[in-house]
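Results of the structural survey
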Amino acid sequence: MKEEAISKLKKYNQEHILKYDLNNKQQEELEKQIENIDFEQLKSLYESTKEEKCIEEKKIEHIPYTDKTKLTKEEQLSLFEIGEQVIKQGHYAVITMAGGQGTRLGHNGPYALDTINGKKYIFEIIIDRLKKAEKQYNVTIPWYVMTSKENHQDTILFLEKNNYFGYNKDKIKFFKQGELPLIDTQGKIILDENAKIKEAADGNGGIYEALSKSGMLQELKQNQIEWIFISGIDNILSNFVDPILLGLTIKENNVIASKSVAKANPQEKVGVFCKMNGKPKIIEYIDLPEEMAEELDENGELMYGEVNIGTYLYNRSVLENLANAKLPYHAAFKKSGYLNANGKFIEPDEPNVFKFETFIFDAFTRYDDMTIMRVKREDEFAPVKNRTGNDSPETAVKLYNEKYK
Ligand code: UTP
């Protein structure tokens with residue numbers, strides 16, 4: 001191994017990597033990885049796992065929202081027309097985030113569901129919706145797909161093989177998000193079965209940097225895209241072409257927006273929108289004090305009842321501003337296979353490594369305001385997160401079938 005790589009490993013207490021018996025090719029690949037890894041960052045991420053979480057001074061307040069179903073016909077129409085114009089003029093694009101690992105689902109590739117409309121891949125369901133919008137607005141909306149190193153090639157091949165489910169392939173672009181090494185409880189990097197340093201996607205908050213680094217941000221600008229809708233691949237009812245949301249955001253003079261659905265009950269385990277220290281924020285259910293979770297407003301509705309469904313609208317200027325934003329990392333303790341000191345691949349039964357991720361919505365606190373539009377849950381929210389039970393393919397298909405029956 002090159003001297004440079006060796007001294008880097010030594011400097012950061014990672015010399016255990018030098019003890020593996022590797023062939024030339026493996027050595028070369030490893031060197032490349034070592035060259036690209038920011039070990040200083042990794043060291044501070046590891047330190048952060050040992051720190052006590054400091055309790056910050058938090059002032060939690062209600063965030064205003066608009067209930068789409070409570071808008072009058074005239075209000076809906078006038079907002080629709082504002083949004084429709086932007087879409088028809090070709091200033092609107094859609095991004096699907098598909099870089100996740102899908103560990104809870106136990107699947108990290110194109111996933112097919114048995115729907116009322118036949119067997120459909122989730123990608124196909126998304127493209128169906130894009131094709132519908134194409135007909136409705138007479139424009140082919142550009143579609144960008146964020147992948148990760150793990151699934152980039154497979155995703156492209158899959159869509160190519162399926163002829164992009166009939167969408168114009170010139171309007172589809174793929175871009176890869178960044179990744180970070182996993183580290184064990186001693187802060188050591190690990191090797192996978194191919195003797196490569198095990199890395200994983202750096203969370204959906206990696207989208208801001210990825211858009212910029214991949215040149216997509218520049219592309220959006222060149223194509224005069226002004227508004228971009230970003231949502232995950234894991235909500236099969238995501239309604240990502242919504243002129244009313246767009247019209248409302250423009251009318252409210254905001255540059256970020258999100259849809260929400262009403263929280264089913266105070267105990268539902270979901271993140272909800274609020275204002276924290278005056279800024280828009282998604283507060284996780286474990287961080288919302290019980291009495292606040294149950295608090296009602298003057299209409300008898302939950303004060304903190306706007307559930308985050310991972311469907312966001314951005315003005316391009318926001319994505320440009322956030323290109324170099326440093327978002328906080330969240331550490332998750334996960335299970336990961338690794339090569340032990342004897343070069344044997346071990347699949348642990350218990351979590352053994354830290355994975356570091358940033359969250360896309362952590363950027364919202366940088367803005368004073370955002371538009372929140374409540375939509376009907378049954379219309380726009382059918383998450384596919386877990387293999388069985390809640391938010392599983394089974395429950396999502398049921399919701400999909402209800403909508404399309
Ligand atoms: P989740 O936060 O549910 O993560 O993703 P996940 O990795 O897919 O699933 P688990 O946690 O391993 O079970 C929400 C959305 O963000 C995307 C996912 O593809 C999904 O659409 N995502 C998540 C990324 O694009 N990149 C990431 O690094 C993480």
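Above this text is the structure in question.
These notes cover the structure that comes with them.

Overall, the coordinates contain 26 salt bridges when judged by the stated rule. For aspartate 128, the salt bridge goes to lysine 120, with nearest N and O atoms at 2.8 Å. Judged by relative accessible area, lysine 120 falls into the buried class, the value being 10%. Taking the shortest distance from any N to any O, the salt bridge between arginine 377 and glutamate 268 comes out at 3.0 Å. Linking arginine 377 in helix α12 (residues 377-380) with glutamate 268 in the loop between β12 (256-262) and β13 (272-276), this pair joins segments that are 109 residues apart in sequence. For arginine 377, a relative accessible area of 25% gives the class partly exposed. Within the structure, one salt-bridge network assembled from shared partners comprises Asp67, Lys70, Glu301, Glu306 and Arg374.

With respect to the secondary-structure elements, isoleucine 346 resides in strand β18 (residues 345-346). Taking the C-alpha atoms as reference points, isoleucine 346 and tyrosine 285, separated by 61 residues in sequence, lie 35 Å from one another.

With that settled, the discussion passes to the nonpolar core. Of all hydrophobic cores here, the largest spans 62 residues; its most connected members are Tyr92, Ile141, Trp143, Leu159, Ile236 and Val241. With 8 residues, the top contributor of residues to this core is helix α5 (residues 122-137). Leave out the neighbours within four places in its chain, and tryptophan 143 touches Val94, Thr96, Phe123, Ile126, Ile127, Leu130, Leu159, Tyr167, Lys171, Ile172 and Lys173.

Before going further, it helps to spend a moment on the site of the ligand. For the ligand, the set of nearby residues contains 19 residues, the closest of which are Gln101, Thr103, Arg104, Gln177 and Lys385. Between the ligand and lysine 385, the relevant distance is 2.6 Å, taken from an oxygen atom to a side-chain nitrogen or oxygen of the residue. Residues belonging to the shell around the ligand are distributed by class as follows: 5 nonpolar, 9 polar and 5 charged.

With that out of the way, let us pick up the side chain of asparagine 254. Counting through the fold element by element, asparagine 254 comes out in the loop between α9 (243-251) and β12. Judged by relative accessible area, asparagine 254 falls into the buried class, the value being 13%. Of the polar contacts made by the side chain of asparagine 254, one reaches the side chain of threonine 371; its length is 3.0 Å. Contact partners of asparagine 254, with chain neighbours within four places excluded, come to Trp227, Thr249, Asp369, Met370 and Thr371.

Throughout the structure, instances matching the rule amount to 14 aromatic pairs. When the ring of phenylalanine 80 is compared with that of tyrosine 137, the centres are 6.4 Å apart and the planes differ by 35°; the resulting orientation is tilted. Of this pair, phenylalanine 80 sits in helix α4 (residues 73-88) while tyrosine 137 sits in helix α5; the two residues are 57 residues apart in sequence, bridging distant segments of the chain. Here phenylalanine 80 falls in the partly exposed class, since its relative accessible area comes to 23%. Site record: aromatic cluster; members linked through ring pairs are Tyr121, Phe123, Trp143, Phe158 and Phe165.

Of all 10 residues that make up strand β15 (residues 306-315), 10 are buried, and the element is covered over most of its length. Residues Glu306, Asn308, Gly310, Tyr312 and Tyr314 point to one face of β15 and Val307, Ile309, Thr311, Leu313 and Asn315 to the other, with burial holding for every one of them. In this structure, strand β11 (residues 227-232) lies alongside β15, joined through 5 bridges in antiparallel fashion. From the neighbouring strand, tryptophan 227 faces β15, where its bridge partner is asparagine 315.

Looking at the second largest pocket, its volume works out to about 890 Å³. Lining of the second largest pocket is provided by 33 residues; of these, Gly178, Glu179, Asp202, Glu209 and Lys213 occupy positions nearest its centre. Only α2 (24-36), α3 (39-50), β8 (179-181) and α7 (207-213) provide two or more residues apiece to the lining of the second largest pocket. For the lining of the second largest pocket, a count of residues per class yields 11 nonpolar, 10 polar and 12 charged.

Rules used in this analysis
- Residues numbered from 1 in each chain as written.
- Predicted model: local features only at pLDDT ≥ 70, side-chain atom pairs only at ≥ 80, totals over all residues.
- Heavy atoms only, no water.
- Salt bridge = Lys/Arg side-chain N within 4 Å of Asp/Glu carboxyl O.
- Buried < 20%, exposed > 50% of the residue type's maximum accessible area, 1.4 Å probe, protein only.
- Helix = DSSP H or I, 4+ residues; strand = E, 2+ residues; numbered from the N terminus.
- Core = buried A, V, L, I, M, F, W, Y, C linked by side-chain atoms within 4.5 Å.
- Contact = heavy atoms within 4.5 Å.
- Near = heavy atom within 4 Å.
- Polar contact = N/O pair within 3.5 Å; in protein donor to acceptor, adjacent residues only side chain to side chain.
- Nonpolar A, V, L, I, M, F, W, Y, C, P; charged D, E, K, R; others polar.
- Phe/Tyr/Trp six-rings, centres within 6.5 Å; stacked < 30°, edge-to-face > 60°.
- Pairing = 2+ DSSP bridges.
- 1 Å grid on protein atoms, 1.4 Å probe; cavity = no way out; pocket = protein on both sides within 12 Å on 5 of 7 lines; lining within 4 Å.
- Points joined across faces, edges and corners; volume = space filled by probe spheres on them.

That is the geometry; function is a separate question.
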